[in-house]
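In case you want the letters, here they are:
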Amino acid sequence: MPENYDRYIFATFLRPFAEEMATRLRNTASKNILETAAGTGSGSLILQKSLEPGTLYTVSDISSDMLTMARGKLGNTAGVHFDLADACDLPYDSNHFDSVASMFGLMYCDDKSTALREAHRVLKPGGKLLFCVWDRLEKNILSYHFYHKAARYFDGELPQFHKLPHNCASLDFLKTELESAGFENINITVVKKPTEECSPQKAAISFINGTPFFYELQERGIDHHQVISEMAAELTDIFGENLKGIPRQALFVEASKG
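Now for a quick tour of the structure.

What counts and what doesn't
Residues numbered from 1 in each chain as written. Predicted model: local features only at pLDDT ≥ 70, side-chain atom pairs only at ≥ 80, totals over all residues. Heavy atoms only, no water. Salt bridge = Lys/Arg side-chain N within 4 Å of Asp/Glu carboxyl O. Helix = DSSP H or I, 4+ residues; strand = E, 2+ residues; numbered from the N terminus. Phe/Tyr/Trp six-rings, centres within 6.5 Å; stacked < 30°, edge-to-face > 60°. Buried < 20%, exposed > 50% of the residue type's maximum accessible area, 1.4 Å probe, protein only. Lys NZ or Arg CZ within 6 Å of the ring centre and 35° of its normal. Polar contact = N/O pair within 3.5 Å; in protein donor to acceptor, adjacent residues only side chain to side chain. Contact = heavy atoms within 4.5 Å. Core = buried A, V, L, I, M, F, W, Y, C linked by side-chain atoms within 4.5 Å. Pairing = 2+ DSSP bridges. Axes fitted to C-alpha atoms, helices over the stretch in contact; angles between N-to-C directions. Patch = residues over 30% accessible without salt bridge, like charges linked within 9 Å, V, L, I, M, F, W, Y side chains within 5 Å. Areas by Shrake-Rupley, 256 points an atom, 1.4 Å probe, with all protein chains shown as cover. Lys, Arg positive; Asp, Glu negative; His and termini not counted. Charge placed at Lys NZ, Arg CZ, Asp CG, Glu CD. Arc of directions from axis to C-beta. Disulfide = S-S within 2.5 Å.

## A word on the pattern of salt bridges
Link 1 in the chain: If you walk through the whole model with that rule in mind, you get 11 salt bridges.
Link 2 in the chain: Of the charged contacts in the structure, one is a salt bridge between Glu 20 and Lys 193, with a shortest N-O distance of 3.3 Å. Here the residue Glu 20 occupies a position in helix α1 (residues 2–27), and Lys 193 occupies one in strand β6 (residues 183–194), the gap between them amounting to 173 residues.
Link 3 in the chain: Two residues, Asp 98 and Lys 124, come together in a salt bridge whose shortest N-O distance is 3.1 Å. A residue pair is termed long-range when its members are at least 10 positions apart, and Asp 98 in strand β4 (residues 97–103) and Lys 124 in strand β5 (residues 123–134) qualify at 26 residues.
Link 4 in the chain: Connected through shared salt-bridge partners, Glu 20, Arg 24, Lys 193 and Glu 254 make up one network.

As structure tokens, this is what we get:
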């Protein structure tokens, strides 16, 4: 799954958002940064390369497989460290980092309140939290149509996985949780980025082979190759032969520790 995530999901949908986050992180002028839920490190590589030389950058993730892949991308980079760490139980002293960053990670935390409190704890006074989450499913029309068409394989219900990527898509929820964690100067912006060059076939492969949706099909004994073929045809009917330019929409959050 990590390899497929890297090959399909990041390459197809996430790179422009990583570039946006890199710009925002660079503007903080931080010298000691923690990235939580870093995944395979594809985003980490873009973020770290945008920083000034001499910046300390800690890459952390709860998955050893993901961290191994991240180490393969950044392992020889000066100032970069790697830690197997749960975002809800960070193994760092309080008041330690200038900034904490995370790309599309909060949605997968079982206890989002604790994850935000931990980020607040390890930040220095005045430190910055930067993260992004997907906006609502209906604001991401490619995902919307894919999952609604895929309901045919689940007795008319949307696949369970569709809920996870979009479970933080509420400005009120995010603001309330951030304030409860102690953050100030909260700024939440809607960011749209176009899909990279992508065929319907590649998009179907990305949604199926690059996410836990694959296992939902497997549990039902459904041939994922057949689903890829059928869903590629559905996406072609809706969007045509090239999905390039179809907007993806996320919420970018910046907040500070008082």
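## Details of the packing of aromatic side chains
Link 1 in the chain: Applying the stated criterion across every chain yields a total of 13 aromatic pairs.
Link 2 in the chain: Aromatic side chains Phe 146 and Tyr 147 sit 5.2 Å apart centroid to centroid with 85° between the ring planes, which places their arrangement in the edge-to-face category.
Link 3 in the chain: Phe 146 gets classed as buried once you look at its relative accessible area, which sits at 0%.
Link 4 in the chain: Connected via pairs of aromatic rings, a cluster forms that spans Phe 13, Phe 146, Tyr 147, Phe 154, Phe 207 and Phe 213.
Link 5 in the chain: Residue placement shows Arg 248 over the ring face of Phe 13; its charged tip is 4.5 Å from the ring centre.
Link 6 in the chain: The positively charged end of Arg 248 is found above the aromatic ring belonging to Trp 134, 4.8 Å away from the centroid.

## What about the side chain of Arg 24?
Link 1 in the chain: Tracing the sequence through the fold places Arg 24 in helix α1.
Link 2 in the chain: Note on Arg 24: relative accessible area 14%, which makes it buried.
Link 3 in the chain: One polar contact links Arg 24 to Glu 20, side chain to side chain, over a distance of 2.8 Å.
Link 4 in the chain: Excluding residues within four positions of it along the chain, Arg 24 makes contact with Leu 130, Thr 189, Val 191, Phe 252 and Glu 254.

## A word on the environment of Ile 222
Link 1 in the chain: Residue position: Ile 222 is located in the loop between α8 (213–219) and α9 (224–239).
Link 2 in the chain: With relative accessibility at 23%, the residue Ile 222 sits in the partly exposed group.
Link 3 in the chain: Taking the C-alpha atoms as reference points, Ile 222 and Thr 28, separated by 194 residues in sequence, lie 48 Å from one another.
Link 4 in the chain: Discounting chain neighbours no more than four positions away, the residues touching Ile 222 are Tyr 153, Leu 217 and Val 227.

## Considering the nonpolar core
Link 1 in the chain: Core analysis: the largest hydrophobic core is formed by 82 residues, its most contacted members being Phe 104, Leu 106, Leu 129, Phe 131 and Phe 146.
Link 2 in the chain: Phe 104 has contacts with Leu 14, Phe 17, Cys 132, Val 133, Trp 134 and Ala 250, leaving out every residue within four places of it along the chain.

## What about the sheet that holds strand β1 (residues 32–35)?
Link 1 in the chain: Taken together, 7 strands build an open sheet; the order of strands is β3-β2-β1-β4-β5-β7-β6 and the sheet is mixed. With partners counted over all chains shown, the strands left at the sheet margins are β3 (80–84) and β6, one partner each. Between one strand axis and the next, the sheet turns through 15° on average, direction left out of account.
Link 2 in the chain: When β1 meets β4, the two strands line up parallel, connected through 3 bridges. Of the residues in β4, the one forming a bridge with Ile 33 is Ser 99.

## Here's the deal with a negative patch on the surface
Link 1 in the chain: A cluster of acidic residues, Asp 86, Asp 89, Asp 110 and Asp 111, forms a negative patch at the surface.
Link 2 in the chain: With respect to the secondary-structure elements, Asp 86 resides in the loop between β3 and β4.

## Looking at helix α5 (residues 141–150)
Link 1 in the chain: Residues Leu 142, Ser 143, Phe 146, Tyr 147 and Ala 150 constitute the buried set of α5. Buried residues of α5 fall within an arc of 115° about the axis and therefore sit on the same side.

## Regarding the state of the cysteines
Link 1 in the chain: Within this structure, the stated rule accounts for 0 disulfides.
Link 2 in the chain: Cys 132 forms no disulfide, and the closest cysteine sulfur to it belongs to Cys 168, at a distance of 11 Å.
Link 3 in the chain: Cysteine Cys 168 is unpaired, with the sulfur of Cys 109 as its nearest cysteine sulfur at 8.2 Å.

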